[in-house]
Each structure stands twice: as C-alpha cells, then as structure tokens.
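Summary of the model geometry
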Amino acid sequence: MKTKTTAQRLVFCLICVAAYSASAREVVSLDPDWNFFQGDAAGAEKVRFNDAGWEQVDVPHDWCIAGPFDENAPTTGSGGWLPSGIVWYRKALEIPASAKGKSVWVEFDGVMANSDVWLNGKHLGHRPSGYFSFRYDVSKVVKPGANNVLVVRCDTADQPASRWYTGGGIYRHVRLIVADPLHIEPWGAYVTTPVVSTDSAQLHLELSVRNGSKTKKNAVVLWRVLDPDGSEVLSANIAAPLNAGVSQTLKQDLPLEHPSLWSLETPQLYTLISQVLVDGNVVDEVSTPFGVRSAEFRSETGFWLNGENLKIKGVCLHHCAGAVGAAVPLNIWERRLNLLRELGVNAIRTAHNPPAPEFLDLCDRMGFLVMDEFFDCWTEGKNPYDYHLVFEEWAHTDLRDGVLRDRNHPSVILYSVGNEIHDTPHEERAKKILRGLVDVCHAADPSRPVTQALFRPNVSHDYDNGLADMLDVIGTNYRDSELLQAWKDKPGRRIIGTEQGHSRRTWLELRDNPQHAGQFLWTGIDYLGESRSWPLTVFNAGLLDRCGFVMPRGSERQSWWSDKPMVKAFRRIDKTEDTPTDPGYEVLEWKRRQVLFPDWNPYKTDTHDENVEVYSNAEEVELILNGTSLGKKETRADAGALNWSVPYAPGTLESVAYIGGKAVARDVLRTAGEPASVKLVPGRDSIGLGFDDAVTVVVQLLDENGIVVPTADNRVTFSVSGPGKLIAVDSGNVVSTELFQVNERKAYQGQCIAVLRATGAGLIKLTASVDGLTSGTVELAVQ
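Rules used throughout
Residues numbered from 1 in each chain as written. Predicted model: local features only at pLDDT ≥ 70, side-chain atom pairs only at ≥ 80, totals over all residues. Heavy atoms only, no water. Helix = DSSP H or I, 4+ residues; strand = E, 2+ residues; numbered from the N terminus. Contact = heavy atoms within 4.5 Å. Polar contact = N/O pair within 3.5 Å; in protein donor to acceptor, adjacent residues only side chain to side chain. Phe/Tyr/Trp six-rings, centres within 6.5 Å; stacked < 30°, edge-to-face > 60°. Buried < 20%, exposed > 50% of the residue type's maximum accessible area, 1.4 Å probe, protein only. Lys NZ or Arg CZ within 6 Å of the ring centre and 35° of its normal. Axes fitted to C-alpha atoms, helices over the stretch in contact; angles between N-to-C directions. Parallel < 35°, antiparallel > 145°, perpendicular 65-115°, else oblique. Left-handed = near helix turned anticlockwise from the far one by under 90°. Nonpolar A, V, L, I, M, F, W, Y, C, P; charged D, E, K, R; others polar.

1. Brief notes about the environment of K382
Its place among the elements puts K382 in the loop between β23 (369–373) and α4 (391–406). Considering only alpha carbons, one finds K382 and I421, 39 residues apart in sequence, at a separation of 9.2 Å. Apart from residues no more than four positions distant in its own chain, K382 is found in contact with R163, D376, N419, E420, H422 and Y585. From its side chain, K382 meets the backbone oxygen of N419 in a polar contact 2.9 Å long.

Have a look at this one:
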C-alpha cells in the first residue's frame, strides 16, 4: 500500500493527540500510520525528506517475517534463513500548543536493532539492543502547535548476529508521553510486599518524583490502593517539597488487612494509583498493577509461594511466535500460554532477553511465574555481530532499564543476568562482570533474587572458585546431577535448573529432590532459527510446535506435570534420539526426527505389530482395539511410559485411564481414510479491534467420517470477506520454506493454521478451500 507523504498526514495525527490538556498526564499511542522503506535512504532523517513512495505500515511491525527464506541469507540458519538489513520509518506528529512547557517523551518498547531516532532532524540517540525498552526526553526538541517528524532507522545488516530469529524493525509498541514539569520519573513507581500472610500484608511504596520546572514546588504525593474489584482500600500522603531541577524518592509503608493474594490459581491484582499534587491539583498520575504475594527460594526445600512449597515447572520461550514473527499480538501469546498450562506448565523463562512488557502483564493476569532474563553473552560473543560488541558500554544501562521496567510484576520471581556465558573460563574477568550485574539488579530491585544460567560449571570451576556463590540462586543448564552435587558440597546453597532437556531422568532429579526448586525445559514451543542445515527453518524441540499443536513430548510432560487426569497414545516407530549434553554445541546437528505418531494410520497396512506407547497420570490404563481389551497396566512410579505390542488392524484404538477403578480420561485413535472435507476451528467465536486482537483458526482435513487425515498435505487456499484480513498462515512442517503472509498453505499431517485480524465492525467470514474437497467456513463477530 502506497501512502501520502508524512506531511500530508499531519491533520489526522492532530486528531489523535488533541486531548493533551484533558488530564495531568497523557499517554498517546504512536502505533498507527508510519511510512516504511526497506533499504538505506540517504537523508531520510531530515524533516523535508520526500517519503511519498514509501509503504504505509502500523507498528508493531516485523518486516523480516515477510521473507523470503533464502539458503544464502546473511542471517544463516541461526536467523531462520530470513532477511536482514537497514530499514527506515517516518511518522508525522502535530503536537497542540497546550503541550508547550511540559515534559515530553517518546517511548519505544523494542526496536530491532541498532536503532537511531530523530525528531525534527535532531538525533535523539542510538540503542544497539533490540530487546530493551527505552525512551527519549524530547521536551526541548518537540514543537507544540507545529509540524513534527519522528524518524527511526534500524540496522540488522551485519550478520550473523543472533543464534535464533530476531525479527527486525519497530516490532513493539511506541507511545508519546506528555506530563507536567513536576512529574513522576519514568518507571519511578515501585511497590513490594515484604510481609505477607492470609491475614495481613505490608506494602512498601516508593515514588521517584522530579521537579523539572524553574521554581521550587511544595508538592504532596498521594497513594491510593485499589483492590482487585477496583474499590479503594488504602490511601496515604506525604509532603514532597522539591527545589527546581531536583529528583527525590518518597517512601511509605502501609498495612493491608485480609489481602487477596496473587497465586497461580487466583492471580489477584491490586492497583497502586500514585499522584503528585500542588495546591490540591493533580499535576501527575501513574497507575501500577501489582500483586500481594511472597516468593522465596530455600536451600533445603526449594521454592515457596505464599507459604506453599511447589515445584517450578517451567519452559524457555523466545520472543517470536512462528508465522507472526517478533511482532506478536497478545492473543497469540494468550493462546500459547493456555495450551502450555494444559500440559502442567506454571513458569516461563524469557530466553534470553526481556520480553515485551505486555507479555509480563499477561503472565500477571494468568498466574505464571517468570524468570526474567537479560543477556545471552557478555564480552565473549557467540556470533561475530552479537551483543558482545557493545556489552561493556551498554550492559549496565540496559540491565537497569530492564529491571526498573519489570520490577512491579508479581509474576517475576527471579532475574537472570546471563545464559551460557563464555566469559566464565576467565575467572577474574567473569567475577568482576557478574558482581557489577548483580549489584545493578539489587540496587534497582532489592526484593528479587538474581541467578545466571551457568554453562559447563565444573569445567570452568564456577562451583568452587566463588563465582556461583555470587548468585542469590545458583542456576545451571542441563547438568542437574552436577547441580545437586554442588548443593551437597556447600550447605545453604539455593538451586534451580535454568535450562533442561526433556528426559525422564532430568524430571526425576527435580521430582525426587526437595532442594531442587524447578526446571525450565528447552524448549516450550518450537521457534524459527537455530538451524545448521537448509531447509530446516525451525528448532523443533518444543512441547508445542510453532502452530500450537501438542507434540508427543508435550503429552509425556503432561503426564508428569499436570494434576488433571489425562491419557494419550502414540505409535512408536523408533527410539527417541537423546538430547545432547549441550544442545546447540554438538558436533553433528541434533536431528530431532519424529518417532511418535498420534494416529492409527501406519505406513504398513499388512499384518504386523505396532509398538503403542501410552502416557498417563492415572493409576492404570487399559488399551482396547476394536472393542477388544488388550489388558490393563499400572502406571509406573518411575514415570516411565506404558507400552503394548499390538497386532495392527484398522479401526479404533482406545486408551482408558482409571483412578480407583473409575474411568477418568480417554484417548481414541481412529484409522483415517482419504481427505473429503475441510473443517475450521477458531480459537474464539469473536474478535476485537486492535493489534493484539488476533484469532488463530485451526484448519483440519477430514475423511468422510470426520477423522483428521494424518497423511494429508493438500494445499489450502484462504479467502476473507467482511471487515477482516489474513495476517499469517503456517503449518508444523519444519522444512517448509513457504511464505507466511500469503493466502495459501500446504497442510502438514492433516492440519495448518490461519491468523485473522479485524479491520472494522461487522462479521468476518473465512473460507478454506482445497481442490476436490468440501470447503470449510467460519464466521467471527467483531466486538
């Protein structure tokens, strides 16, 4: 879509921001209506640059995900064989005259990467990392009542720069903030709950306030606490006389009776309203959601939440989400987290960089624990152009910003300052760096412990040279037996598995050792990149594939982690290849070949035996072939699978799980025939307006009896009518190089997905067609 020039859109932008004088602080989205150019453009930072031929886009916008896949891409397989390079964004702003004399910021949640930002031709700054949120004070640059032009340049040309797909561009939200010169500092509100019980809690409040005016102000800070229902339950105020140009942090402790605790089952959220008043008038206000909860790691018994001892059952997740790339609508994350929760997952590690802020908001609301991680390397790089080039200059700034941004989230229970850091063989250098990083975390947020995902710690002697003990909680990747031994070697250590494989042995090392706080599996969901061989585009070791379909290892994990009775059967055709000791560092690439199939359609149809493997968390399981029982087996105390050798016969294979002799769960595999029709299964029956309101529709190719055909790979063509658009299509095929932003996709094992977004009010109709089959349709009401 071609656009008008930046200057021609100024009138529209005036409408968007005309309400600045309506309240003490105004926060205005800058997501819509950017002009975008792929390539370098000399002079594009200048106000009068002619961008008439540029494409119009809204942000969040990941330009790389449009493709194409290319075996010769500079990103290599590490970046998923997808594009990289220099791009530009330009946006028109007209700020009303009422903003004159106020404090004004432009705030970016994430720009990938090496961004430079200009306002009205003035260079505001440069940020190398694409993951950390940042802002620029433009109070002296902005022109109230006049034309303003905001320009962003992103540069991912130098490659390879990452071990996984990063995306590119302004891939997170952007906003403009206008406040009084006397205002609450950015990320200046802070609330902790140092004392918590079911009867009462103590709130510790801090507020950093700055007087940016030219005169002394006799201000008052007012705190108001709203309960989860929105009713005010507490308030307090404190005098805050501030000289011109001075910042001050005000503190207050408040008792809260009979609190509603934030927990995994009931993630109740309070709201802290922080206000700054002068002469009784509110001049600034910030709203901060928070949870009342206690989170503690203990040496002997692991992790405790609100006085309850529980195991952290976590997964590692990168920031991208398959076909939508790095610019992920929140509803996509919500669907993914719900699917993981069904498998028993209760925690997320944000591997290996901070996520979008709304992702943490979602974890707060849904009741997930989070290990908030910040760095994949320090001064020793893993790629020629990764963060190691700027670590010494930027690490403390980025880390401080990351902690200040995330420190009020009840879901965040632990900070990680490094993953598999290659500096650790250099003992003194590594200890100096780690001391600085831990100190930054503790200074910005004393309430949360700090860990690091140690890499081969016995090789670099991290357990015995003092480095590991600089951490509040010792984290280690993969080597759980070594971690447990390190705990035995020195009493008082608190330990957690920061990255683990899917093996049963690793699970038992957590399950059977109370001192082991938890583990984070690599990985929760398949992700683009980290491939060594074309045309493999995906690292496929997830509990879910990138479409959200449950993988066999996900069902196995569900049998270990979920409290809800379940049973699931698979055909096993070969042994599962062992996870390498250090995935990603093996000499020969770990192939991860599929050997388990959730169907009753074996390749051979003559008389033969099938190895049927069943996972369940019940007491016993019965297998039934075409109505004939093949016997019951008790589930194993060592968490091993149940296996039957079954003479193949087409029809129905049923697994029934029992507790106390009562059937509590069933799974049925049916032999499928040839594809006959297309069925669409939407994640919801309605859709909202906005970037985050996207709906995933599952496409199934069925035989005449309504059974998914596991061998079907037909090409599915999509059409949309009404106020909606198709934003992505995908399948679970890890070697497909099909484009995502098109209207067709080949099914894989009988399924694929389409992702829809609304463009206006009304009724959206999606149709999926396959040559020779009955088409499928679904309608979604726009709310």
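2. Quick notes on the packing of aromatic side chains
The full count for this structure, using the stated rule, is 24 aromatic pairs. Between the aromatic rings of Y387 and F391, the centroid separation amounts to 6.1 Å while the plane-to-plane angle is 85 degrees, which identifies the pairing as edge-to-face. Taking relative accessible area as the criterion, Y387 reaches 16% and is therefore assigned buried. For F391, a relative accessible area of 5% translates into the label buried. Judged by centre distance (5.2 Å) and plane angle (55 degrees), the rings of W600 and Y648 are tilted. One end of the pair, W600, is in the loop between β32 (596–597) and β33 (609–616); the other, Y648, is in the loop between β36 (642–647) and β37 (652–659), and 48 residues separate them in sequence. Each member of the pair, W600 together with Y648, is buried. An aromatic cluster of three or more residues is present, and its members are F132, F374, F375, W378, Y387, F391 and Y415. R298 extends its terminal NZ or CZ atom over the ring of W304, reaching a point 4.0 Å from the ring centre. One residue, R557, lies across the ring of W561, its end atom 4.8 Å from the ring centre.

3. So, the packing of α4 against helix α5 (residues 427–444)
Orientation of α4 relative to α5, taken along the N-to-C sense of each, is 25 degrees, at an axis distance of 9 Å. One finds that α4 runs roughly parallel with respect to α5. The two elements α4 and α5 meet at a crossing, and its hand is right-handed. Together, F391, A395, H396, L399, R400, V403 and L404 of α4 and I433, G436, L437, V440, C441 and A444 of α5 make up the contact between the two elements. Of the residues contributing to the contact of α4 with α5, the split by class is ten nonpolar, two polar and one charged.

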